[in-house]
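The primary structure of each chain is shown beneath.
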Amino acid sequence: MIRNDQELAAMRERVTRLEHLLENLRKTARSEEWPALSSGYRLEIERMQGEILDYLVQATPGSKQTTAA
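So, here's what we can say about the structure. Think of each chain on its own: its residues are numbered from 1, step by step along the sequence as written. In keeping with the model being predicted, local features are shown solely for residues with a pLDDT of at least 70 and side-chain atom pairs are shown and tallied solely at 80 or more, while totals for entire chains, interfaces and linings include all residues. Based on all heavy atoms of the structure, the side-chain values leave hydrogens and waters out of the count.

1. Let's talk about helix α1 (residues 5-28)
Structural remark: α-helix, 3.6 residues per turn; residues separated by three or four positions point the same way.
Part 1: Only DSSP runs of H or I covering at least 4 residues are called helices, and only runs of E covering at least 2 are called strands; the numbering of each starts at the N terminus. Expected span of a helix, by definition, is 1.5 Å for each gap between consecutive residues, and there is one gap fewer than residues. Taking 1.5 Å per residue, 24 residues should reach 34 Å; α1 reaches 35 Å between its end C-alpha atoms and fits that length.
Part 2: Residues of α1 that are buried include every one of Leu 8, Met 11, Val 15, Leu 18 and Leu 22, and no others.
Part 3: The criterion used for residue contact is that any of the two residues' heavy atoms lie within 4.5 Å. Buried-residue contacts for α1 involve α2 (34-58).
Part 4: Side-chain atoms alone can form a polar contact between residues adjacent in sequence; in general such a contact is a pair of N or O atoms within 3.5 Å, and within protein one must be able to donate a hydrogen while the other accepts it. Sitting at the head of α1, Asn 4 places a side-chain oxygen 3.0 Å from the backbone nitrogen of Gln 6. Working definition: with a 1.4 Å probe on protein chains only, accessible area under 20% of the residue-type maximum means buried, over 50% means exposed, and in between means partly exposed.

Structure follows, in C-alpha cells:
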C-alpha cells in the first residue's frame, strides 16, 4: 500500500525496472518458455500498477501527501 508521494515514486521505479527486465528477457527467451517465464513478471507489474492507481484516486487533491508515516 502506497502511503505518500515518495512511496509512489519508488513504486513507479520498480515498475520501470521490471518492465526493462521483461523487455530484455523477451529478447533471449525461447518462444515455448516465454508464457511461463513472463507471467509472473506481468502479474507483479499489474499488481504494482493497481497500487499506483489506488493511491492516485484516493489522494485528496491539494492535501499534503509527501509526509512519511
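On we go.
2. Focus: the side chain of Glu 51
Part 1: Tracing the backbone through its elements, the reader meets Glu 51 in helix α2.
Part 2: On the basis of relative accessibility, which here comes to 19%, the residue Glu 51 falls in the buried class.

3. A look at the pattern of salt bridges
Part 1: Salt-bridge detection follows one rule: a side-chain nitrogen of Lys or Arg within 4 Å of a carboxyl oxygen of Asp or Glu. All told, the structure shown has 6 salt bridges when counted by the stated rule.
Part 2: For the salt bridge of Glu 44 with Arg 47, the shortest nitrogen-to-oxygen distance reads 2.6 Å. Of the two residues, Glu 44 and Arg 47 are both situated in helix α2; the distance of 3 residues between them amounts to about one turn of the helix.
Part 3: Taking the relative accessible area as the measure of exposure, Glu 44 reaches 31% and is therefore partly exposed.
Part 4: Close ionic contact of Arg 47 with Glu 51 constitutes a salt bridge, the shortest N to O distance being 2.3 Å. With Arg 47 and Glu 51 both in helix α2 and 4 residues apart, the pair spans about one turn of that helix.
Part 5: By relative accessible area, which is 39% here, Arg 47 ends up partly exposed.
Part 6: Salt bridges sharing partners connect three or more residues here, namely Arg 30, Glu 32 and Glu 33.

4. A look at the environment of Arg 14
Part 1: Within the element layout of this structure, Arg 14 appears in helix α1.
Part 2: By relative accessible area, which is 37% here, Arg 14 ends up partly exposed.
Part 3: Once the C-alpha coordinates of Arg 14 and Met 48 are considered, the two residues, 34 residues apart in sequence, prove to be 8.4 Å apart.

5. Observations concerning the environment of Arg 3
Part 1: With respect to the helices, strands and loops of the structure, Arg 3 is situated in the segment before α1.
Part 2: Residues Arg 3 and Tyr 55 lie 52 residues apart in sequence; the distance between their C-alpha atoms is 7.5 Å.
Part 3: At 2.7 Å, the side chain of Arg 3 forms a polar contact with the side chain of Glu 7.

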